[in-house]
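# Fold and geometry: a report
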2 protein chains.
Amino acid sequence: MNPRIVEVRKDILKKNDELARALRERFRALGVFVVSLVSSPGAGKTALLERTLTETQKRWRVAALVGDLQTDNDARRLAASGAPVRQITTGTVCHLDAEMVSAALDDWDLTSLDVLFIENVGNLVCPASYDLGEALRVVLMSVTEGEDKPLKYPTIFNSSDLAVITKIDLAEAVGFDRAAARQAIDRVRPGLEVIEVSSRSGAAFGDWLARLETERQARATGYLLAGP
Amino acid sequence: MNPRIVEVRKDILKKNDELARALRERFRALGVFVVSLVSSPGAGKTALLERTLTETQKRWRVAALVGDLQTDNDARRLAASGAPVRQITTGTVCHLDAEMVSAALDDWDLTSLDVLFIENVGNLVCPASYDLGEALRVVLMSVTEGEDKPLKYPTIFNSSDLAVITKIDLAEAVGFDRAAARQAIDRVRPGLEVIEVSSRSGAAFGDWLARLETERQARATGYLLAGP
């Protein structure tokens, strides 16, 4: 790679890290639990989020930011849940960055929220390098993608806090090898917790929601302990 | 985006285009039909290529170049077909470029080949901008990814010469909406030919191979017409 590109890229990432740190502080101070979702295109981020927004609206005040290259298909699907949803159109940029998130939240009253979801652009490579200030990064992989994805895209798994295997209602039809998938995840990120769900059938969806609640509460308690 | 990045990016793309043009000339002069495959991770590039290499070895002298961030899983899978296979490890780079292809072919006797396949890194965004000198760019999307992928990643569909819908043996299980998928493709690239296959069951695989042969022959005739 051109050394000039590498240098400019380092600057960009450094600037992004600083912005992300400021965002994280702001979210923490306001008590908003921010969860980002990353995956390849079609792994089911929007389907997971659709069901999550619908099912959690009774207990949390939730909202979503959705990154997409061009269309607002995902934002419209999510808005049908009734939760506030905003779209970030990235054009030709293959990932969200902290500046885009910050700009999208500019006039949004975050004190009215308990949980904010950020759906990244579908891409297993580039989003790995951009911190968005999230408290929890969740990487999704579907049973239809092949069990070796973590080995082939290690950075995105390494930089995530939780892995969700999606579309488990199709596991049998595609001959999904659960042990191989878990082994692959464990090789690139030993100890990373893995949850398996189907957003379509709702199978094990409670596990995912319970885990979110645990993470949220852990941070909420953290805020109190760290408070004045 | 930082204007400096945009400028450097333009330089890089210009340099890539020049290299790709030289590669294309070289392939044409040697009579090698070069086909690149692009798709999101897990859409089935390797499975398609595995079966293609196996089934075409009797009629063509075939080989493959495989781009991957880290592992040589795909290269090993493809090498089992008996065809010559080379791996390009891209590290953190999310796409192949003409320079990587050129370097990988450096000491390869291309006159011994009829068809060379290039499997790009799994990514629906970044590979769109990098010409590799291929004669035919094929974009894959699986029935499990969602029918609106072409609308969300228009550039990769726009820059391709053929679309292949994969995993059609799962169409019913996932409730694949064929008309919606074809409509989405037609909206971003009117008239793009679409082939549906299953690399697992072999369904309609003959259509794919026949199309490759047609394209190859059209070019071979073109070489003769354009010859001295």
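Structure report, in brief. (Residues numbered from 1 in each chain as written. Chains lettered and ligands numbered in written order. Predicted model: local features only at pLDDT ≥ 70, side-chain atom pairs only at ≥ 80, totals over all residues. Heavy atoms only, no water.)

### Focus: the pairing of strand S6 (residues 162-166) of chain B
Consecutive side chains of a regular strand alternate in pointing toward one face of the sheet and then the other. Residues and elements named next belong to chain B. Defined as follows: Accessible area is worked out with a 1.4 Å probe on protein chains only. A residue is then buried under 20% of its type maximum, exposed over 50%, and partly exposed in between. Each helix is a run of DSSP H or I of at least 4 residues and each strand a run of E of at least 2, with the numbering of both proceeding from the N terminus. When DSSP finds two or more bridges between a pair of strands, those strands are recorded as paired.
Buried residues dominate S6, accounting for five of its five residues. Burial of S6 is two-sided: the residues Leu162, Val164 and Thr166 facing one way and the residues Ala163 and Ile165 facing the other way are all buried. Where strand S5 (residues 136-142) and S6 come together, five bridges link them in parallel fashion. Counted as the bridge partner of Leu140 is Val164 from S6.

### Remarks on the sheet that holds strand S1 (residues 33-38) of chain B
Residue and element names in this part refer to chain B. We apply this condition: Throughout, an axis means a line fitted to C-alpha atoms (over the contacting stretch in the case of helices), and angles, computed between N-to-C directions, take values from 0 to 180 degrees. The contact rule is simple, with two residues in contact once any of their heavy atoms fall within 4.5 Å.
Reading across from one edge, S3-S2-S4-S1-S5-S6-S7 is the order of the seven strands in this open sheet, with parallel pairing throughout. Every other strand in the sheet has two partners, leaving strand S3 (85-89) and strand S7 (194-196) as the edge strands with one partner each. In this sheet, adjacent strand axes meet at a mean angle of 20° when their direction is disregarded. Relative to S7, helix H8 (residues 178-188) is tilted by about 150°, and along the sheet it contacts S5, S6 and S7.

### A word on the relation of the copies chain A and chain B
Applied cut-off: Least-squares superposition aligns the copies on the C-alpha atoms of those residues with pLDDT at or above 70 in both.
Mapping chain A onto chain B calls for a screw motion: a turn of 180° about the axis and a shift of 0.0 Å along it, with 0.0 Å RMSD after fitting. On this basis, the relationship between the two copies can be described by a two-fold rotation axis. Both copies contact each other with a shared surface, as 100% of the interface residues of chain A are interface residues in chain B too.

### Digging into unusual backbone geometry
Here Ala204(A), not a glycine, exhibits a phi torsion of approximately 60°, which is positive. Tracing the backbone through its elements, the reader meets Ala204(A) in the loop between strand S7 (194-196) and helix H9 (205-226). Note on Ala204(A): relative accessible area 29%, which makes it partly exposed. One non-glycine residue, Lys167(B), adopts positive backbone phi at about 60°. If you trace the backbone, Lys167(B) turns up in the loop between S6 and helix H7 (171-174). Judged by its relative accessible area of 16%, Lys167(B) is buried.

### Overview of the interface of chain A and chain B
Reports of interface size often rely on the accessible area that becomes lost once the parts have come together. Formally: Accessible area that two parts lose when put together, evaluated with a 1.4 Å probe and summed over both, is termed the buried area. By salt bridge we mean one thing: a side-chain nitrogen of Lys or Arg within 4 Å of a carboxyl oxygen of Asp or Glu. Polar contacts, as counted here, are pairs of nitrogen or oxygen atoms within 3.5 Å of one another; within protein the pair requires one atom able to donate a hydrogen and one able to accept it, and residues that are adjacent in sequence qualify only if both atoms are side-chain atoms. By the convention adopted, Pro, Cys, Tyr, Trp, Phe, Met, Ile, Leu, Val and Ala count as nonpolar, Lys, Arg, Asp and Glu as charged, and the other residues, Gly among them, as polar.
At the interface, 39 residues of chain A touch 39 residues of chain B. Regarding the contact of chain A and chain B, the summed buried area is about 3100 Å², with carbon and sulfur atoms giving 60% of it. Along the contact surface separating chain A from chain B lie two salt bridges. At the junction of chain A with chain B, the criterion picks out 11 residue pairs in polar contact (both at pLDDT 80 or more). The biggest single contributor to the side of chain A that touches chain B is helix H1 (residues 3-30) of chain A, with five residues. Classifying every residue of the side of chain A that touches chain B gives 18 nonpolar, 11 polar and 10 charged.

### Structural notes on helix H2 (residues 45-56) of chain A
Residues and elements named next belong to chain A. Convention followed: Given the number of residues in a helix, its expected span is that number minus one, multiplied by 1.5 Å. In this context, the arc is that of the directions from the helix axis out to the C-beta atoms.
When the terminal C-alpha atoms of H2 are compared, their 16 Å separation across 12 residues agrees well with the 16 Å that a helix rising 1.5 Å per residue should span. Along H2, the positions that sit buried rather than exposed are Lys45, Thr46, Leu48, Leu49, Thr52, Leu53 and Thr56. Burial along H2 is one-sided: seen end-on, the buried residues are contained in an arc of 155°.

### Section: the pairing of strand S6 (residues 162-166) of chain A
When S6(A) meets S7(A), the two strands line up parallel, connected through three bridges. If you follow Ala163(A) over to S7(A), its bridge partner there is Val194(A).

### What to know about the sheet that holds strand S2 (residues 62-68) of chain A
Residue and element names in this part refer to chain A. Ordered in space as S3-S2-S4-S1-S5-S6-S7, the seven strands form an open sheet in which the pairing is parallel. Whereas interior strands pair on both sides, the edge strands pair on one side only; in this sheet they are strand S3 (85-89) and S7. With strand direction ignored, the average angle separating the axes of adjacent strands in the sheet is 20°. Sheet topology note: the strand S1 (residues 33-38)/strand S5 (residues 136-142) ladder contains four bridges and is parallel. The residue of S5 that forms the bridge with Val35 is Leu136. The strands that helix H8 (residues 178-188) touches are S5, S6 and S7; relative to S7, the one it contacts most, it runs at about 150°.

### Points about the pattern of salt bridges
Residues and elements named next belong to chain A. Considering all chains together, one arrives at 38 salt bridges over all chains under this definition. Lys149 is paired through a salt bridge with Asp148; the nearest N and O atoms lie 3.6 Å apart. According to the relative accessible area criterion, Asp148 is buried, its value standing at 16%. Salt bridges here are not isolated pairs; linked through shared partners, they connect Arg24, Asp131, Glu134 and Arg137.

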